[in-house]
Each structure stands twice: as structure tokens, then as C-alpha cells.
Amino acid sequence: MTPRYLRENLTFSQARAEIITEDDAAGSGKKLYLKGICIEGDKRNANERIYPRHEIMKAVQTINEQIHNGHSVLGEVDHPDDLKINIDRVCHSVEEMWMDGHAGCGKLRILPTPMGELVKTLLTSGVKLGVSSRGSGNVDDRTGHVSDFEIVTIDVVAQPSAPNAYPQAIYEGLMNMRNGHKLIEMARDAGEGDKVQRYLAQEVKRLIRDLKI
């Protein structure tokens, strides 16, 4: 049986997401994290699939082993059509995962990449973004139960009430708008500058209004 490409979305509320900041141990400012449930087990989800708790637990253990062995588990804005990680779309790294009851939870560190700066601006501007697991596994077509499940990464996605391409629309909109490429470059170099961050927040809000999404 060929494993299937599996992705499961959770809204900001379903993930019980928390936006937290922590001081950087290196003294270079504060780091922004998104923390919450990444995948729910032992219940039928919106895709009519059931992930048994023991399958999620094994997948979480594998992810943690990769992290502890020095492997970077990178996540993207929105889902690509395969399991490959696209460097130009990376916005965060998965710092750790753990089990909470039947759910697999994770802590995502927002990175200072162009996509990461856009996600940071959206989150700090009050935009609610969800999370989604991306992985592979076998699905029993009769019962919907998933076996041999592996998590490749956790992605940041828009709320289901918005179009699925919402984050991508923001990126493409920035690239197409007047001086949008300069805003992308500014996001890359923004760091913790208050004036730049306020300008970014203002411009992204304006873009969202213009896109009518």
C-alpha cells in the first residue's frame, strides 16, 4: 500500500493557540512563538479520518528525535502540494512536540524570513492563523483509520473561513503592489525596529483591505 499525503487543518481556536514571546538567550531581543494543538487523535475529523492516539504518539516521538539530533524541522505558510519543504516559503521551525491527552501539540518559533516576518506582523496585528499537520500514512477506506503515520512538519495556515490561499495571496499581493518588493525586503531586515514594525503592520493591514479577504 502506497502511503498517502495527509494534511489536517485546525483553526486558531481549535488549536487553542497561544502567541508567546521569550527573551533570546543570546541577548538579541525577543523570539515569537505559536504554541498549541497540531493534530487531534481518536476522533473523526473534517476529512473523515481518524488518527489513533498511538499513531500520533509515534509520529511525535520521531519528530522530537529529529530535533534532538540537530535536524531542523521547518514549516511553511500554507500547504504545498507535496511533502517537500520549499525554502522560500519557510516561516517557522518546530521547536518541540508533545502529547496532551489524545492530541499532538507543538511549539513553533517564527523565523526572521520574509514569510516569517509577514506571519509575525499578521499575528501581532490580531489576525488569527491556524496550524496544520503535513505528513503521510495509510488510510483504511472503510473505517477512515490512519496507520503508519509520519509527521513531516507543521504549517501555518489561514482560518477555513478565508480562502485557502490567503497567506499566498498576501505574498503575491505584496509582490504586485507598488513598492511591494521593498516591503518584502524591509520585512527581511526588520528585526525588532519599532518604527519598521509599525509600518509593516500598517501596510499589511492596507493590503488585506485591498484584497477584500
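In short, a report on the structure. (Residues numbered from 1 in each chain as written. Predicted model: local features only at pLDDT ≥ 70, side-chain atom pairs only at ≥ 80, totals over all residues. Heavy atoms only, no water.)

1. Quick notes on the packing of aromatic side chains
Any aromatic ring pair is given by two values, namely how distant the centres are and how the planes are angled relative to each other. Applying the stated criterion across every chain yields a total of one aromatic pair. Residues Tyr51 and Phe149 carry aromatic rings whose centres are separated by 4.8 Å and whose planes lie at 65° to one another, so their mutual orientation is edge-to-face. Highlighted residues: Tyr51 in the loop between strand E3 (30-40) and helix H1 (53-68) and Phe149 in strand E8 (residues 146-158), separated in sequence by 98 residues. Each member of the pair Tyr51 and Phe149 is classed as buried. (Phe/Tyr/Trp six-rings, centres within 6.5 Å; stacked < 30°, edge-to-face > 60°. Helix = DSSP H or I, 4+ residues; strand = E, 2+ residues; numbered from the N terminus. Buried < 20%, exposed > 50% of the residue type's maximum accessible area, 1.4 Å probe, protein only.)

2. A short note on the pattern of salt bridges
For the structure shown, the criterion picks out nine salt bridges. Across the pair Arg49 and Glu8 runs a salt bridge whose closest N-O atoms are separated by 2.7 Å. Note that Arg49 is positioned in the loop between E3 and H1 and Glu8 in strand E1 (residues 4-10), a separation of 41 residues in sequence. Each of the two residues, Arg49 as well as Glu8, counts as buried. A salt bridge links Glu22 to Lys107, with the shortest nitrogen-to-oxygen separation between them at 2.8 Å. Taken as a pair, Glu22 in strand E2 (residues 18-23) and Lys107 in strand E6 (residues 103-110) lie far apart in primary sequence, 85 residues in all. Residues participating in the shared-partner salt-bridge network are Glu76, Arg89, Arg134 and Asp155. (Salt bridge = Lys/Arg side-chain N within 4 Å of Asp/Glu carboxyl O.)

3. Focus: H1
With 16 residues, H1 ought to run about 22 Å at 1.5 Å a step, and its terminal C-alpha atoms sit 22 Å apart, in line with that. Among the residues of H1, Glu55, Ile56, Ala59, Val60, Ile63, Asn64 and Ile67 are the ones counted as buried. Packed against the buried residues of H1 are E3, strand E5 (90-100), E6 and E8. Positive phi shows up at Gly70, right after H1, with a value of about 90°. (Expected span 1.5 Å × (residues − 1). Contact = heavy atoms within 4.5 Å.)

4. Focus on the environment of Val146
As for its position among the elements, Val146 is in strand E8. Residues Val146 and Leu6, spaced 140 residues apart in sequence, show a C-alpha to C-alpha distance of 9.6 Å. Other than its neighbours up to four places away in sequence, Val146 contacts Leu6, Arg49, Ile50, Tyr51, Pro52, Glu55, Asn138 and Val139.

5. Points about the sheet that holds E1
What the three strands build is an open sheet, ordered E1-E7-E8; its pairing is antiparallel. A single partner strand is all that each edge strand has here, and the edge strands are E1 and E8. Ignoring strand direction, the axes of neighbouring strands in this sheet form an average angle of 25°. As paired strands, E1 and strand E7 (residues 129-139) are joined by seven bridges and run antiparallel to one another. Across the sheet, residue Leu10 finds its bridge partner in E7, namely Val131. (Pairing = 2+ DSSP bridges. Axes fitted to C-alpha atoms, helices over the stretch in contact; angles between N-to-C directions.)

6. Quick look at the nonpolar core
Core analysis: the biggest nonpolar cluster contains 39 residues, and Met97, Phe149 and Ile154 have the highest contact counts within it. Those elements that provide at least two residues to this core are E1, E3, H1, E5, E6, helix H2 (114-124), E7 and E8. Those residues in contact with Phe149 that sit more than four places away from it in its chain are Leu6, Ile39, Tyr51, Glu55, Ile56, Ala59, Ser136 and Gly137. (Core = buried A, V, L, I, M, F, W, Y, C linked by side-chain atoms within 4.5 Å.)

Scope: geometric values only; no functional claims are made or implied.
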